[in-house]
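Given next are the chains, with one letter for each unit.
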Amino acid sequence: MIEVVDLYKSFPMAGKQIDVLKGISLQFNKGDIVAIVGASGAGKSTFLHLLGALDSPTSGKILFEGTDIGAQDDSARARFRNEKVGFVFQFHHLLPEFTALENVMMPGWIQSGYSGSRWDRKAIETDARNLLTRVGLSERLSHRPGELSGGEQQRVALARALLLRPAVILADEPTGNLDTDTGNKMFDLIKELNEQNGTAFIIVTHNERLSMAANHIVKMIDGCLQTS
């Protein structure tokens, strides 16, 4: 599904070039759960941002189902992010002025703009309600993020990521801001969604339980990787 070919990423800093990723080549398959582990500063989050076309590599390629996403224009990359990839970050990034239901519906509204199709609010709202029910938030649909706990906000973020049925979810420390019990529930939900929907998850994590249950573990050390 995703093929990474000789990927490099560098950043200018204080008149110098800092090499963050150094020639990474790797493949991810449909339905996998892949854990990316390593010390802080190893390049994990940078790698995830490149996979999701949130940033561009210095050199190398990322092929999604055979298409080089780095060779696409900005509009095509934005549509790729909207339709093919779901994102779950440690700090949720929910829109505070919207309810949980409206936050989950947001990718559908954005997609209608890309495709030029009519905004089918009723169908998208039904899907969003079903997803929030599935993640255990059927009683919290009208609550805004500030009225939800951290674990509830993270579940809203996961439901939002799933709305357009992406092939892969990219998650950056999805349990890192949660207590142990809530983090374990989030892990169980990820496993359930993977098994029932075939959704692939690529997860940057320090959660040992989450990493040990993955199909593959990718360990990053100073911008290079080891796999197991």
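Presented here is an overview of the structure given in this document. Being a predicted model, the structure only gives us computed values, none of them experimental. (Residues numbered from 1 in each chain as written. Predicted model: local features only at pLDDT ≥ 70, side-chain atom pairs only at ≥ 80, totals over all residues. Heavy atoms only, no water.)

Structural notes on the pairing of strand 3 (residues 33-37)
Alright, step 1. With respect to burial, strand 3 is a largely interior element, 5 of its 5 residues being buried.
Alright, step 2. Bridge count for strand 3 against strand 8 (residues 200-204) is 4 bridges, and the pairing is parallel. From the neighbouring strand, Ile36 faces strand 8, where its bridge partner is Val204.
Alright, step 3. Relative to strand 9 (residues 216-221), strand 3 is paired through 4 bridges, and the arrangement is parallel. Looking across to strand 9, one finds that Ile36 is bridged to Val218. (Buried < 20%, exposed > 50% of the residue type's maximum accessible area, 1.4 Å probe, protein only. Helix = DSSP H or I, 4+ residues; strand = E, 2+ residues; numbered from the N terminus. Pairing = 2+ DSSP bridges.)

Focus: the nonpolar core
Alright, step 1. Counting residues in hydrophobic clusters, the biggest one holds 36 residues, and the most contacted among them are Val88, Val104, Leu132, Val156, Leu158, Phe201 and Ile203.
Alright, step 2. Taken together, the elements giving at least two residues each to this core come down to strand 3, helix 3 (100-115), helix 4 (121-134), helix 5 (150-162), strand 7 (168-172), helix 6 (180-197) and strand 8.
Alright, step 3. Looking at which element gives the most residues to this core, the answer is helix 5, with 6 residues.
Alright, step 4. If we ignore the near neighbours within four places in the chain, the residues touching Val156 are Leu94, Ala100, Asn103, Val104, Leu132, Leu137 and Leu148.
Alright, step 5. Met1, Leu7, Phe89 and Val168 belong to the second largest nonpolar core, which has 31 residues in total. (Core = buried A, V, L, I, M, F, W, Y, C linked by side-chain atoms within 4.5 Å. Contact = heavy atoms within 4.5 Å.)

What about empty space enclosed by the protein?
Alright, step 1. Taken as a whole and judged by the stated rule, the model has 1 cavity of 30 Å³ or more.
Alright, step 2. Space inside the largest cavity adds up to approximately 40 Å³.
Alright, step 3. In this structure, the largest cavity is lined by Val88, Leu158, Ile169, Ala171, Pro174, Met186, Ile190 and Phe201.
Alright, step 4. Broken down by secondary-structure element, the contributors of at least two residues to the lining of the largest cavity are strand 7 and helix 6.
Alright, step 5. Here the lining of the largest cavity is built from residues that sort into 8 nonpolar, no polar and no charged. (1 Å grid on protein atoms, 1.4 Å probe; cavity = no way out; pocket = protein on both sides within 12 Å on 5 of 7 lines; lining within 4 Å. Points joined across faces, edges and corners; volume = space filled by probe spheres on them. Nonpolar A, V, L, I, M, F, W, Y, C, P; charged D, E, K, R; others polar.)

Thoughts on the sheet that holds strand 2 (residues 16-28)
Alright, step 1. In space, the 4 strands of this open sheet follow the order 2-1-4-5, with antiparallel pairing throughout. Of all the strands in the sheet, the pair left with one neighbour each is strand 2 and strand 5 (67-68).

Concerning the layout of surface pockets
Alright, step 1. The space that makes up the largest pocket amounts to roughly 420 Å³.
Alright, step 2. As for the largest pocket, its lining consists of 18 residues, and the residues nearest its centre are Arg81, Asn82, Phe87, Pro107 and Ile110.
Alright, step 3. Looking at the lining of the largest pocket, the elements with two or more residues in it are helix 2 (74-83), strand 6 (85-89), helix 3 and helix 5.
Alright, step 4. Grouping the constituent residues of the lining of the largest pocket by class yields 13 nonpolar, 3 polar and 2 charged.
Alright, step 5. In this structure, the second largest pocket is lined by Asp127, Asn130, Leu131, Arg134, Leu162, Leu163, Arg165, Pro166, Ala167, Asn197, Gly198 and Thr199.
Alright, step 6. The greatest single-element share of the lining of the second largest pocket, amounting to 4 residues, is contributed by helix 4.
Alright, step 7. For the lining of the second largest pocket, a count of residues per class yields 5 nonpolar, 4 polar and 3 charged.

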